[in-house]
Amino acid sequence: MKTIHISPSFFARNRQRLTLSLKSNSLAIVHSNDEMNRTADQYFPFRQHSDLFYLTGINQEKTTLLMAPAIEDESLREILVIRRSNPKLETWEGHKLTREEAGLISGIKNVKFEDEIESLLAPIMMQAEHVYLNLPEYLKFIPELPGRDHRKGEELMKKFPAHKYERLAPLMQDLRVTKSEEEIGLISQACDITRKAFLNTLQTLKPGMMEYEVEALITRDFIREGARGHAYQPIIASGSNACVLHYIDNNDTCSDGELLLMDFGAEIGNYAADCTRTIPVNGLFTARQKDLYKSVLEVFKFARSLMVPGSTINKVHQEVCRKFEKEHIRLGLFTQEAVEAQDRENPLWQQYYMHGTSHFLGLDVHDVGSKDQEFRPGMVLTCEPGIYLPGEQTGIRLENNILITREGNVDLMKDIPIEPDEIEELMRRSRE
């Protein structure tokens, strides 16, 4: 990944905050992600486990953090374990971190190699009563294959069965859900890179281009601006493809008269942006497209206004759905009489708006945090209402990244054009 400097004091503060959440006489263990096999002897590009990065800043595979803040020997209270390098390995894979380099990045004084971890664990475990394992806890996703944290945790429990094992994930989620100034700065930087890519797309898009050509242009701009690349697989969906919520084939033609929905965001320093814009391929909205677009934009502004301290994702979504019901009636999708007769378990608005309005954003594009967790200053969330009409071969979604503040909120993507007239004007200029 591109090198982004983050002060080691940031990672040290994160470790200190975690320490305050641990029970007495505890050991917390956090492992790196695995290198994932792609095919034959090839790996997918390595992406660090977000929790390990949050605590250490290390982006290298085969890394482990041991934290035992109450242990008598101060040198054993924080240990960073990294991969031992050798000339042959570096000939094939390039430079690996030295102990000195890993210490400078993380702010951890005691850095060891992975072949030394067994001799370190025994004396720490003898003094620890509680052991925190960082097993995955995701509401919507359960990994099919056990990751490094899972495998190493099972090995530890077999070797030391009498200890009390605890869940680290809830503690990490509580720490990560509120962002520091450094994190907000990185997310803002990712948003700015995303803005530049969108402006270039407005100048370039024309009928007959392939969706993958648009993706390639965005990818170029991300990398050229110093981002690692995309924070997630981008959605470049023309016409009816926009009605497939997670369409990622990006393999169709952008045709004259269609709308193009682009859901994309840069990743920098492991922090994500998440933006969606829907634009006319030929530079002009039809009357119907503009009416639909303005409806979504009005709901977007309404939803954004609700994102203030004390609210929740679920509360915002409920209000947005009520707002959309009125908009759908105005747009002629159904009548008030039909609403009164509808099945309350399957409301009519859900046919045209079937996803959530918001999610947390940070080290993961779908970051830690629950839908009933009250918003507090420092949280960053998306705001992304949409409308999907397969019968009209049209899907429109608008999405910005919102920072919760004491005074309300700040739109981190306020400089990315969203008004339909501005979009048309910018596209017109590029065609002169």
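Quick summary incoming for the structure in this document. (Residues numbered from 1 in each chain as written. Predicted model: local features only at pLDDT ≥ 70, side-chain atom pairs only at ≥ 80, totals over all residues. Heavy atoms only, no water.)

**Remarks on the overall build of the protein**
Point 1. The secondary structure content of the protein amounts to 13 helices and 19 strands.
Point 2. In terms of overall dimensions, the protein is globule-like: its C-alpha atoms have a radius of gyration of 24 Å, near the 22 Å expected for 432 residues.
Point 3. In terms of its C-alpha atoms, the protein occupies a principal-axis envelope of roughly 70 × 50 × 40 Å.
Point 4. Residues counted as buried form 51% of the 432 residues belonging to the protein.
Point 5. Intrachain contacts of the protein at a sequence separation of at least 6 include 71% that bridge at least 24 residues.
Point 6. Element-wise, carbon and sulfur atoms account for 51% of the exposed surface of the protein, whose accessible area totals about 20400 Å².
Point 7. Distance between charge centroids for the protein: 3 Å, based on 52 positive and 66 negative side chains. (Helix = DSSP H or I, 4+ residues; strand = E, 2+ residues; numbered from the N terminus. Rg over C-alpha atoms; globule rule 2.2 N^0.38 Å. Buried < 20%, exposed > 50% of the residue type's maximum accessible area, 1.4 Å probe, protein only. Contact = heavy atoms within 4.5 Å. Areas by Shrake-Rupley, 256 points an atom, 1.4 Å probe, with all protein chains shown as cover. Lys, Arg positive; Asp, Glu negative; His and termini not counted. Charge placed at Lys NZ, Arg CZ, Asp CG, Glu CD.)

**Looking at the environment of Arg 77**
Point 1. Residue position: Arg 77 is located in the loop between strand E4 (64-67) and strand E5 (78-82).
Point 2. For Arg 77, a relative accessible area of 30% gives the class partly exposed.
Point 3. Separated by 323 residues in the primary sequence, Arg 77 and Asn 400 have C-alpha atoms spaced 41 Å apart.
Point 4. Here Arg 77 is in contact with Leu 66, Met 67, Ala 68, Pro 69, Ile 71 and Glu 72, once residues within four sequence places are set aside.
Point 5. Separated by 2.8 Å, the side chain of Arg 77 and the backbone oxygen of Ile 71 make a polar contact. (Polar contact = N/O pair within 3.5 Å; in protein donor to acceptor, adjacent residues only side chain to side chain.)

**Describing the sheet that holds E4**
Point 1. Ordered in space as E6-E5-E4-E1-E7-E8, the six strands form an open sheet in which the pairing is mixed. Since the sheet does not close on itself, it has two edges, and those belong to strand E6 (110-113) and strand E8 (164-167), each with one partner. Put simply, the sheet's adjacent strands are angled 25 degrees from each other on average, direction ignored.
Point 2. Sheet strands touched by helix H4 (residues 99-106): E5 and E6. Its angle to E6, the strand with the most contacts, is close to 135 degrees.
Point 3. Against the sheet, helix H5 (residues 117-127) engages strand E1 (26-31), E4, E5, E6, strand E7 (130-133) and E8, with an angle of about 155 degrees to E1. (Pairing = 2+ DSSP bridges. Axes fitted to C-alpha atoms, helices over the stretch in contact; angles between N-to-C directions.)

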